[in-house]
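Letter by letter, the chains look like this.
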Amino acid sequence: MDKQDKLILLFDYYGDLLSESQKNYFESYYFDNLSLSEIGENYNVSRNAVSKDLKLAKEKLNNFEEKLKIIARDDKLRKIISKVDNNKIKEELLNILDE
C-alpha cells in the first residue's frame, strides 16, 4: 500500500477526529485533487496555512493508529474471519466490522 492509500485509509477510520479545517483540506487535496493554492483560495487562507494543517492532519492520523491500532485489529480479524467455513457466519462477522 502506498503512502497516499494508507493516508486515505487512516482518514476513513479517524477523519472525524480531525478539526473541521483539517478534514476539509484533506478531502480537497486527496479526494478532489486540488493544489494547496487552490485550497487556500477556496477557504480564504494562505497556501502555507493549508500546508501546515495538512501536515498536522497526517501526523494526527498516523498517531491515532499508532495508539489505537484499530486498523491493525480489523486486519487481524479479517484474516481470522477468512478462515471461517460457514458463509453465513462469515458474512455476519464482516458486516459487524464494516459498521
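Structure: see above.
As the structure is a computational prediction, the values presented were derived from the model and not from experiment. Every chain is numbered independently, its residues counted from 1 as its sequence is written. Given that this is a predicted model, residues contribute local features only at a pLDDT of at least 70 and side-chain atom pairs are listed and counted only at 80 or more, while totals for whole chains, interfaces and linings are drawn from all residues. Based on all heavy atoms of the structure, the side-chain values leave hydrogens and waters out of the count.

Visitor: Where do I start with the overall build of the chain in this structure?
Guide: Helix and strand assignments follow DSSP, with helices taken as H or I runs no shorter than four residues and strands as E runs no shorter than two, numbered in order from the N terminus. Secondary structure assignment for the chain yields six helices and zero strands. Ordering the α and β elements of the chain from the N terminus gives α-α-α-α-α-α. A globule of 99 residues ought to have a C-alpha radius of gyration of about 13 Å, yet the chain, at 17 Å, is considerably larger. Dimensions of the chain, computed from C-alpha atoms along their principal axes, come out at roughly 55 × 25 × 25 Å. Each residue is assigned to one of three classes by its accessible area relative to the maximum for its type, calculated with a 1.4 Å probe on protein chains only: buried under 20%, partly exposed between the two thresholds, exposed over 50%. Counting over 99 residues, the chain shows a buried share of 26%. Across the chain, the fraction of contacts at a sequence separation of at least 24, relative to all contacts at a separation of at least 6, is 48%. Areas reported as accessible are Shrake-Rupley estimates using a 1.4 Å probe. Residue values count occlusion only from the protein chains shown. Working note: accessible area of the chain is about 7,100 Å², and carbon and sulfur atoms make up 49% of it. When charges are counted, Lys and Arg are positive and Asp and Glu negative, with His and the chain ends excluded. By convention, the charge on Lys lies at NZ, on Arg at CZ, on Asp at CG and on Glu at CD. Considering the chain, the positive charge centre built from 17 side chains and the negative charge centre built from 20 side chains are found 8 Å apart. Here the globule rule reads 2.2 Å times residues to the power 0.38, and the radius of gyration is calculated from C-alpha atoms. Throughout, a contact is declared for two residues whenever any of their heavy atoms are within 4.5 Å.

Visitor: Mind showing me how you'd approach helix H3 (residues 36-43) here?
Guide: Residues three or four positions apart in an α-helix share a direction because the helix packs 3.6 residues into each turn. Within H3 the residues assigned to the buried category are Leu36, Ile39 and Gly40. All buried residues of H3 fall inside an arc of 100° around its axis, so they share one side. What points out from H3, more than 90 degrees from its buried face, is the exposed set Glu41 and Asn42. Its buried side turned inward, H3 meets helix H2 (20-31) and helix H4 (47-68). In the stretch just after H3, asparagine 44 is the one whose phi turns positive, near 55°. Here the arc refers to the set of directions running from the helix axis out to each C-beta atom.

Visitor: Sorry if this is basic, but what is going on with the packing of aromatic side chains here?
Guide: The relative placement of two aromatic rings is captured by the distance of their centres and the angle of their planes. Aromatic rings from Phe, Tyr and Trp, taking only the six-membered ring of Trp, are treated as a pair when their centres fall within 6.5 Å; an angle between ring planes under 30 degrees marks them as stacked, one over 60 as edge-to-face, and anything in between as tilted. Taken as a whole and judged by the stated rule, the model has eight aromatic pairs. Look at tyrosine 25 and tyrosine 43: their rings are 5.3 Å apart centre to centre, the planes differ by 65°, and that puts the pair in the edge-to-face class. Of the two residues, tyrosine 25 is situated in helix H2 and tyrosine 43 in helix H3; the sequence distance between them amounts to 18 residues. Residue tyrosine 25 is classed as buried on the basis of its relative accessible area of 6%.

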